[in-house]
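The chain contents come next:
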Amino acid sequence: MEKPISRETRVLVVDDEQPIRNLVNRAVQNAGYACQTAGDGQEALEILKREPVDVVITDIAMPGMNGIELTRAIREKFSADVIVMTGFVEDYVFEDVIADGASDFVQKPVSLKEMIIRLKRLLRERENIARRAKMEEELRQSFCLLKRSLEDAISVLSRALEMRDPYTAGHQKRVTQLACMIGIEMGIDDEMMDGIRLAGLVHDIGKINVPSEILTKPGKLSRIEHDLIRIHPEAGFDILKDIEFPWPIAEIVRQHHERMDGSGYPQGLTGDAIRIEARIIAVADVIDAMASHRPYRPAMGLEKALEEVEGKKGILYDRDIVEACARVLERNGKDLFQ
Ligand SMILES: [Fe+2]
């Protein structure tokens, strides 16, 4: 079924010969579209500057600015489509006219019926393109909203944990900051960086399973207490695994205490079997843990923390990540850990 035509559709007919202008104008209006005319390219551009036009139908051979030059000027500055019409077919090859920016091409003497069919087809295409662009924009907006809600939920989780354990308050945030700086330094792509950021914010969420007396206990921990703390990567994985993130957040959290030589926990993974996001968070985590105060020991300071990590690069920690971390801390360490 034919769609009802829209009076809001605006067409501009450009031709130096008034009878042709009038003929085409009448046909376009009879087809149900708003139409106006211009006698040359300059006048057409003035109209386009003043008001919205969807389609320009223009002659090619005109005194002053010809139709091809007009087409180029329109495609450069305006959103209107152009249909060109000419009697000098031998001078203009269809492909060249299209390459110059025209959307369609009709030969003079113009068959008005054919012209209107082409106009309608062009308008349908424009409508489809506009509809697609609108849908894409809506999709992009809802994805942004979803991403923001996810980030909010993650921040709430992060703060909930830190309420139970004032000593690690701010730890997850600082680790995230440092991990992101390392990621940027290493040229990690934006998509993966989002995963690092969100995983960093909740990497210790599993500590919610550990009694807070143990988390805040001053002095040395007993073997059993230590073992209880060591369940937190797996506990974090269990908490996060059923949320369908676009990033492997649960897996990164599970792996943040793994070490390159397999001496880490919970799975004893080695080298590349540990996700790069987890390797980055591991280095940032160790730096922050050592550089800041803990209930069972005073802060070691940033320099000592970096020394420790550099001494174990290639053994416990990923060599490239430690080196990127050293460069980042050299530049911004003071601001991150004062
Ligand atoms: Fe941890």
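Residues numbered from 1 in each chain as written. Predicted model: local features only at pLDDT ≥ 70, side-chain atom pairs only at ≥ 80, totals over all residues. Heavy atoms only, no water.

A. Region of interest: the coordination of the iron ion. Coordination of the iron ion by the protein is provided by Asp204 (OD), His232 (NE2), His256 (NE2) and His257 (NE2), with metal-donor distances spanning 2.2 to 2.4 Å. Considering all four donor atoms around the iron ion, angles at the metal cover 84 to 169° and the coordination shape is irregular. (Donors = N, O, S within 2.8 Å, 3.2 Å for Na, K, Ca; no water. Tetrahedral: all angles 85-135°; square planar, octahedral: opposite > 155°, others 65-115°.)

B. Focus on the sheet that holds strand 2 (residues 34–38). An order of 2-1-3-4-5 is seen for the five strands of this open sheet, with the pairing classed as parallel. Edge positions in the sheet fall to strand 2 and strand 5 (104–107), since each has one partner strand and no second. Neighbour-to-neighbour, the strand axes of the sheet open up by a mean angle of 20°, direction not taken into account. Taken together, the five bridges between strand 3 (residues 55–59) and strand 4 (residues 81–86) define a ladder with parallel strand orientation. Pairing of valine 55 across the sheet is with aspartate 81, part of strand 4. Those strands touched by helix 2 (residues 41–50) are strand 1 (10–14), strand 2 and strand 3, and its axis lies near 140° from that of strand 2. (Pairing = 2+ DSSP bridges. Helix = DSSP H or I, 4+ residues; strand = E, 2+ residues; numbered from the N terminus. Axes fitted to C-alpha atoms, helices over the stretch in contact; angles between N-to-C directions. Contact = heavy atoms within 4.5 Å.)

C. Summary view of unusual backbone geometry. Following tyrosine 265, the chain continues into proline 266 via a peptide bond in cis, with omega recorded as 5°. One can find proline 266 in the loop between helix 11 (249–254) and helix 12 (276–291).

D. How the structure looks around a nonpolar patch on the surface. Judged by side-chain polarity, Ile224, Leu228 and Ile231 come together as a nonpolar surface patch covering roughly 260 Å² of accessible area. With respect to the helices and strands, isoleucine 224 occurs in helix 9 (residues 223–229). (Patch = residues over 30% accessible without salt bridge, like charges linked within 9 Å, V, L, I, M, F, W, Y side chains within 5 Å. Areas by Shrake-Rupley, 256 points an atom, 1.4 Å probe, with all protein chains shown as cover. Salt bridge = Lys/Arg side-chain N within 4 Å of Asp/Glu carboxyl O.)

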